[in-house]
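# An overview of the molecular structure
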Amino acid sequence: MKSDVMPAPAPGRPGPSAPAVPPGDTRDAAPGPARRPPLGVRARRGLTRWLLVLLLAVLSLPFVFPTWWMATSSLKPMSEILRRVPTIWPQDPSLEAYGRVFTLQPFAQQYWNSLYIAVLVTLGTMLVAAMAGYAFARIRFPGANALFVLVLVGLLVPSEVTIVPLFRIVNSLGLINTHWPLIVIPVLGAPAVLAVFIMRQFFLGLPTELEEAGRIDGLGRWGVFWRIALPLSRSALGAVAIFTFLKSWNLYLEPIVYLSSKENFTLPQALTQYVDAYGGPMWNVQLAATTLTVLPVLAVFLLAQKQFVQGLAHSGLKG
Amino acid sequence: MATASAAVRRDWLVGYTMVAPVVLGSLAFVVLPLGMVVWYSLHEWNVLANTFTFVGAENYQRMASDPGLGDALLATVWFSIGLVVVNIALALLLAVLLNQKLPGTTTFRTFFFSPVVVSLVAWTIVWSFLLQADGGINGFLSVLGAEGPNWLRHPTTAMIAVVIVQVFKNVGLNMILFLAALQGVPEELQEAARLDGAGAWRRFRSITLPLISPTILLVSIITIVGSLEVFAQIDVLTGGGPGNSTTVLVYYLYQQAFRFNEFGYASALAVLLFLIVLVLTLLQWQSRKRWVFHEV
């Protein structure tokens, strides 16, 4: 698949599209700075580049097409959706499916549930992780290392491992079918550990001069943290905010374990509920609800792409 | 002296206060549940029958003779291998292509990355729609004159479908990590090899690949660990079927616990899952050390 991008033809093996080279030409693989590559090589280089762009365009289809298909199909009636040869653009666009999204389920309520839970989890995680990250990076209190190792255990534990005991704990506290476990456990438990780790790394790399100046000016630890360190950590906090929000917004296992009534559902769980009396999915309604879930996040991503890519690359390193 | 010590102690107190939320949270929601899951795994516990009896290692012995678990582990291995191979190969290809400074690179990068921010369940729902017998994929194939299978109804194609859906969802993340590694490959080395007459493929194989191999190793392990936690995709796309062909370990664990109410056995499975992830993560940290060393 990897074609020559900067072709460096070997002597005696002329490329198929480079016939115009005079026999006397040495066809040196290293064109000197003052010498332009021969015309044939330049043409081939241009052609190769456009072929590569074409390859990229073909490769991007499975990434882009599903979103396109989702949005356009949500505007089609069921009869058009089930047609054998698909229509790229709806023949008779209608918003009927969007209406049914809200009448079949308390979708607005479910949307709100996901939104407020994700916002609270994000703010809570930012605060908790910034404090812990700062203390682990800057304050030499006895047992700091042991406590840090204890916290890091959370990185080793997939949520499926602890879901049974957490279910029992939540159940014994009488909090099944409430949003408490979806807010408190992510902020304080295993999902927050990566955020703590990233904040600690950030503060370790931050020069201490400004903080020392603040101390000389009479600020205590808390003052230094709130007024100096925290404002300086905006980029790291942004990364934490992005991956924490998305993680909460997309959470699936925990809601289906903890929640049982439709008005308490969060979006990922609600999306799977649009089925007809026989259990078959009502595609246009389901895709309409999916579109409503996906498009706002995609829009924010397009606006703040750089922050998203950096923030998620951080979380990707954990896996 | 006494005042300094008091000030230091006040500083310690601030430190303990700042770490208290995560430390207490880790004790309550990580360490305690881990202990509980080990304790549960030593019991026969049926919630419906309300029985909780100590059985020692019985659940672990049951694992050895449970054909369902054997199938689940096999499905997990297939899924992980398929995912890692396809994901790494595609991520590397995309990163190399994006590193050529071609026209439109920024737009393509956005395209490839965008599924990463799409909700996993939403992405899976759209793909399950596309993968129906009369869905968009087969419609597209029929336009080309080919007959597509009923993807989600045959064991092999269902597994392929789950892998493919997962690859397109997350490959953008690995692509970014590879892109960063590729940009760290010194230009002078490439130039020197070009002077020596090495072609593009030769340069890629002999210079680029060795230099980014620590990243490839790291990303592979991360991807394997991530592949063990695949749940939503399976639940939405195949429900573990057809038969139990896509019932991977975490899905088997979930079924044992929340479908069959076998909390004791499910806990033993959770211990197994934890040990596998533990080993892989330690490998990852080991390789990261080497990675850092490599760069110095």
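How each quantity is defined
Residues numbered from 1 in each chain as written. Chains lettered and ligands numbered in written order. Predicted model: local features only at pLDDT ≥ 70, side-chain atom pairs only at ≥ 80, totals over all residues. Helix = DSSP H or I, 4+ residues; strand = E, 2+ residues; numbered from the N terminus. Rg over C-alpha atoms; globule rule 2.2 N^0.38 Å. Buried ≥ 20, exposed ≤ 12 C-beta atoms within 10 Å, placed from the backbone. Contact = placed C-beta atoms within 7 Å. Nonpolar A, V, L, I, M, F, W, Y, C, P; charged D, E, K, R; others polar. Pairing = 2+ DSSP bridges. Domains from an automatic or database assignment. Axes fitted to C-alpha atoms, helices over the stretch in contact; angles between N-to-C directions. Parallel < 35°, antiparallel > 145°, perpendicular 65-115°, else oblique. Left-handed = near helix turned anticlockwise from the far one by under 90°. pLDDT = per-residue confidence, 0-100.

### Focus: the overall build of chain B
Check the secondary structure of chain B and you find 12 helices and two strands. For 296 residues, the compact-globule estimate of 2.2 N^0.38 gives 19 Å, and chain B exceeds it by more than 25% at 25 Å. Buried positions account for 44% of the 296 residues belonging to chain B. Sequence-distant contacts in chain B: of pairs separated by 6 or more residues, those separated by 24 or more amount to 70%.

### Things to note about the interface of chain B and chain A
Counting from both sides, the interface comprises 85 residues of chain B and, opposite them, 85 residues of chain A. Top contributing element to the side of chain B that touches chain A by residue count: helix H1 (residues 2–40) of chain B, with 20 residues. By residue class, the composition of the side of chain B that touches chain A is 65 nonpolar, 16 polar and four charged.

### Regarding the pairing of strand E1 (residues 43–46) of chain B
Residues and elements named next belong to chain B. The sheet contact formed by E1 and strand E2 (residues 51–54) spans four bridges and is antiparallel. Residue pairing across strands places Trp45 opposite Phe52, the latter belonging to E2. Adjacent in sequence and paired antiparallel, E1 and E2 are bridged by four residues, among which Asn50 carries a positive phi angle near 55 degrees.

### Some remarks on the domain arrangement of chain B
Segmentation of chain B into domains returns domain 1 (2–34) and domain 2 (65–295). The gap between the C-alpha centroids of domain 1 of chain B and domain 2 of chain B is 39 Å.

### Comments concerning the packing of helix H4 (residues 107–138) of chain A against helix H7 (residues 180–188) of chain A
Residue and element names in this part refer to chain A. The geometry of H4 relative to H7 is characterised by a closest axis approach of 9 Å and an angle of 25 degrees between their N-to-C directions. When the axes of H4 and H7 are compared, the pair comes out roughly parallel. Considering how the two elements wind past one another, H4 and H7 form a crossing that is right-handed. Residues Ile117, Leu120, Val121, Gly124, Thr125 and Val128 of H4 form the contact with H7, whose participating residues are Leu182, Ile183, Pro186, Val187 and Leu188. Per-class residue counts for the contact of H4 with H7 are nine nonpolar, two polar and no charged.

### Topic: the confidence of the model for chain A
On average, residues of chain A score 83 in pLDDT, and 84% of them reach the 70 mark or higher. Considering only residues more than four positions removed or in separate chains, one finds that residues 1–34 of chain A, a stretch of pLDDT under 50, has 53 contacts.

### Here we look at unusual backbone geometry
Residues and elements named next belong to chain B. Residue Lys101 is not a glycine yet carries a positive backbone phi of 55 degrees. Residue position: Lys101 is located in the loop between helix H3 (67–98) and helix H4 (105–117). Taking the C-beta count within 10 Å as the criterion, Lys101 has 8 such neighbours and is therefore assigned exposed. Backbone geometry at Asn261 places phi at a positive 55 degrees, although glycine is not the residue there. Here Asn261 lies in the loop between helix H11 (249–259) and helix H12 (263–295). By C-beta crowding, Asn261 is classed as partly exposed, having 15 other C-beta atoms within 10 Å.

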